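# Architecture at a glance
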Amino acid sequence: MLQDKIKQYTEEINQFQAAALADVEAFRLKFLVSKGIVKGLFEEFKSASAEDKRVLGKVLNEFKQLAEQKFAELQAPFESASANQKQAQEGDLTLPGNGFQLGSRHPLSLVRKEIVEIFKKLGFVVSEGPEIEDDWHNFSALNFPPEHPARDMQDTFFVEKKDENNIALRTHTSSVQVRMMEMGKPPFRAIMPGRVYRNEAISARAHCFFHQVEGLYVDENVSFADLKQTLYHFVQELYGEGTKVRFRPSYFPFTEPSAEMDISCTICKGEGCQLCKQSGWVEILGCGMVDPNVLENCGIDSKKYSGFAFGMGIERVTNLKYVIRDLRLFSENDVRFLSQFETELI
Ligand code: PHE
C-alpha cells in the first residue's frame, strides 16, 4: 500500500543521519533522483483509485517536501564546512596585510645625494663621464708629467696598453672636468660624482675602488677666496654650523696653488680622539686653483679665465658622519650593516 510505504519512508527519512558528504549523496540517490523513491511513489500514485488519490495526494506532496527539506538540512553543515575550507585556502581577507620589507639607500648614496644637494643650491650642475678612460683625460690633460708615479702600474688598473694613449680605469673623476672643459665654453660650475679605481691592497682603510665627488668652477676672476668660501659653506651645511676648517698647502699636478682641507673632528669636536688621532682635525678633501696649463690643454684662455677645483672621497665623508671603521663594509652588502641606514632620509 502506498500509504504504508510513505509512512515507512517518512520514518526512514526522519531517522536518516549523514556522517559524511557521501551519506548526503546516498540520500539524494535513494530519494530524489528521477529513478528514486519520491518519483517512484508518484508513479504508483498515478494508478491509485480516485478516492485514494484525494487522501494520498496531500500526503505524498508532504512526503516529497519532507525529503527535499531533509536533503537540504543534511547538506547544510557540509556546505558551510567546504566554504570554510575554501576560505582557509584563500586566506582570511579581513586580516591586516602582511608587511613587506622595504630596502634602503646605501650610506654612500645617501651622502652623495647630500653633497650634491648642497652644491646644487650654489648653482653647481652634476656632470658624469666614463669609468674607462684614456691617458689624456685621466692624466696628460691634467698636467701629470710622463714620469708621474700615479701613472704607474702600482696605482692604475690598465685596460689596454697603447704607445701614447693607454686605456685605464679612471683614478679620479677629474677626467670628467677635462671632458667638460673640452666640450663647452666657460663659465663652468659643476660637480662630478662617480666611482674611481686604484690598484691598492684591500684593507680596512683602503680599497681598490671608491667614490669621489669632484668640483670645478671656472669663470672670469675666480679666486682662492671663492674656493675657501664655497668649501667653508659646504662643510657648515654637511657637518653643522661651527665646524672649523683649515687649509694646508699641498701639491696636485693640476692645481696651483694646491691645498688640503681639514675640518675640526666631527666626533670629538676638536678635543682629540681615536678618529682624529688626538689632533682634533681630520682631512676631508684636496683642492686648488686650476693650473693654467690644464685650462690651455682644454682650449680655455687662461689669461681670461681662472678656476678652482676640489675633490673628496665619499667614503671618507661618510666615515666622518657615521664613524664606519672598516671601508670594506661599504661593498660587502651585509644587510646587518645596510639596514642601519633604513631610517635615514631617502
Ligand atoms: N683628483 C684629486 C684626487 O683624486 C682630488 C683633487 C681634485 C684635488 C681637484 C685638487 C683638486 O685625489
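Residues numbered from 1 in each chain as written. Predicted model: local features only at pLDDT ≥ 70, side-chain atom pairs only at ≥ 80, totals over all residues. Heavy atoms only, no water.

### Details of the overall build of the protein
The helix and strand inventory of the protein stands at 11 helices and 10 strands. Since a compact globule built from 346 residues should have a radius of gyration of about 20 Å, the 43 Å found for the protein marks it as more spread out than a globular shape. The principal-axis extent of the C-alpha atoms belonging to the protein is close to 130 × 50 × 40 Å. Burial status across the protein gives 41% buried among its 346 residues. When contacts within the protein are restricted to residue pairs at least 6 apart in sequence, those whose partners lie at least 24 apart make up 66%. Surface accessibility of the protein: about 20,000 Å² in total, with carbon and sulfur atoms responsible for 50%. Separation of charge centres in the protein, based on 41 positive and 50 negative side chains, amounts to 5 Å. (Helix = DSSP H or I, 4+ residues; strand = E, 2+ residues; numbered from the N terminus. Rg over C-alpha atoms; globule rule 2.2 N^0.38 Å. Buried < 20%, exposed > 50% of the residue type's maximum accessible area, 1.4 Å probe, protein only. Contact = heavy atoms within 4.5 Å. Areas by Shrake-Rupley, 256 points an atom, 1.4 Å probe, with all protein chains shown as cover. Lys, Arg positive; Asp, Glu negative; His and termini not counted. Charge placed at Lys NZ, Arg CZ, Asp CG, Glu CD.)

### Observations concerning the sheet that holds strand 2 (residues 132-134)
As summarised here, the arrangement of the 3 strands in space is 2-4-3, forming an open sheet in which the pairing is antiparallel. Among the strands making up the open sheet, the edge pair consists of strand 2 and strand 3 (158-160). Across the sheet, the axes of successive neighbouring strands diverge by a mean angle of 35 degrees, strand direction being ignored. Relative to strand 4 (residues 167-169), strand 2 runs antiparallel, the two being bridged by 3 bridges. Bridge pairing in strand 4 places I132 opposite L169. (Pairing = 2+ DSSP bridges. Axes fitted to C-alpha atoms, helices over the stretch in contact; angles between N-to-C directions.)

### So, the pattern of salt bridges
Summed over the entire model, instances satisfying the criterion amount to 14 salt bridges. Between R28 and E25 there is a salt bridge whose closest N-O contact spans 2.9 Å. Taken together, the residues span about one helical turn, with R28 and E25 both in helix 2 (residues 21-32) at a distance of 3 residues. Judged by its relative accessible area of 33%, E25 falls in the partly exposed class. (Salt bridge = Lys/Arg side-chain N within 4 Å of Asp/Glu carboxyl O.)

### So, the pairing of strand 6 (residues 209-219)
Most of strand 6 is tucked away, with 10 of its 11 residues classed as buried. When strand 5 (residues 188-197) meets strand 6, the two strands line up antiparallel, connected through 10 bridges. For P193, the partnering residue across the bridge sits in strand 6 and is V213. Looking at chain direction, strand 6 and strand 10 (residues 306-313) are connected through 8 bridges and run antiparallel. Following the sheet pairing, E214 is matched in strand 10 by G311.

### As for the domain arrangement of the protein
The domains assigned to the protein are domain 1 (2-90) and domain 2 (107-344). Relative placement of domain 1 and domain 2: their C-alpha centres are 90 Å apart. (Domains from an automatic or database assignment.)

### Brief notes about the nonpolar core
In terms of nonpolar packing, the biggest core is built from 42 residues, with F119, F310 and M312 touching the most fellow members. In terms of nonpolar packing, the next biggest core, distinct from the first, is built from 22 residues, F139, L216, L295 and Y305 among them. (Core = buried A, V, L, I, M, F, W, Y, C linked by side-chain atoms within 4.5 Å.)

### Topic: the state of the cysteines
This structure, assessed with the given rule, holds 0 disulfides. With no disulfide of its own, C273 has C268 as its nearest cysteine by sulfur position, at a separation of 3.7 Å. No disulfide involves C276; its sulfur sits 3.6 Å from the nearest other cysteine sulfur, which is in C268. Looking at C276, the relative accessible area reads 3%, which means it is buried. (Disulfide = S-S within 2.5 Å.)

### Brief notes about the pairing of strand 7 (residues 245-252)
Across a regular strand the side chains alternate sides, sitting on one face of the sheet and then on the other. Of the strand pairs in this sheet, strand 7 and strand 8 (residues 255-264) are connected by 7 bridges, and their pairing is antiparallel. Following the sheet pairing, R246 is matched in strand 8 by D262. The hairpin turn running from strand 7 into strand 8, its antiparallel successor, is 2 residues long.

### A word on the sheet that holds strand 1 (residues 125-126)
Within the open sheet, the 7 strands sit side by side as 1-5-6-10-9-8-7. Their pairing is mixed. Unpaired on one side and paired on the other, strand 1 and strand 7 mark the two borders of the sheet.

### Quick notes on the site of the ligand
Not every one of the 13 residues close to the ligand is listed here, only the nearest: H172, S174, R198, Q212 and E214. In this structure, a nitrogen atom belonging to the ligand sits 3.1 Å away from a side-chain N or O atom of H172. Taking R198, its side chain carries an N or O atom lying 2.8 Å from an oxygen atom of the ligand. A total of 320 Å² of accessible area belongs to the ligand in isolation, and the protein chains cover 90% of it. Taken together, the elements giving at least two residues each to the shell around the ligand come down to strand 6, strand 9 (281-290) and strand 10. (Near = heavy atom within 4 Å. Polar contact = N/O pair within 3.5 Å; in protein donor to acceptor, adjacent residues only side chain to side chain.)

### Some details on the packing of aromatic side chains
Per the stated rule, a full pass over the model turns up 18 aromatic pairs. Seen in terms of ring centroids, F124 and Y217 are 6.2 Å apart; in terms of plane orientation they differ by 65 degrees. Their pairing is edge-to-face. Taken as a pair, F124 in the loop between helix 5 (107-121) and strand 1 and Y217 in strand 6 lie far apart in primary sequence, 93 residues in all. There is no split in this pair, since F124 and Y217 are both buried. (Phe/Tyr/Trp six-rings, centres within 6.5 Å; stacked < 30°, edge-to-face > 60°.)

### Focus on the side chain of E133
Inspection of the secondary structure puts E133 in strand 2. Overall, the relative accessible area of 1% leaves E133 in the buried class. Of note is the side chain of E133, whose polar atom sits 2.7 Å from the side chain of R179. With sequence-adjacent residues up to four places away left out, E133 is seen in contact with N138, N166, I167, A168, R170, S175 and R179.

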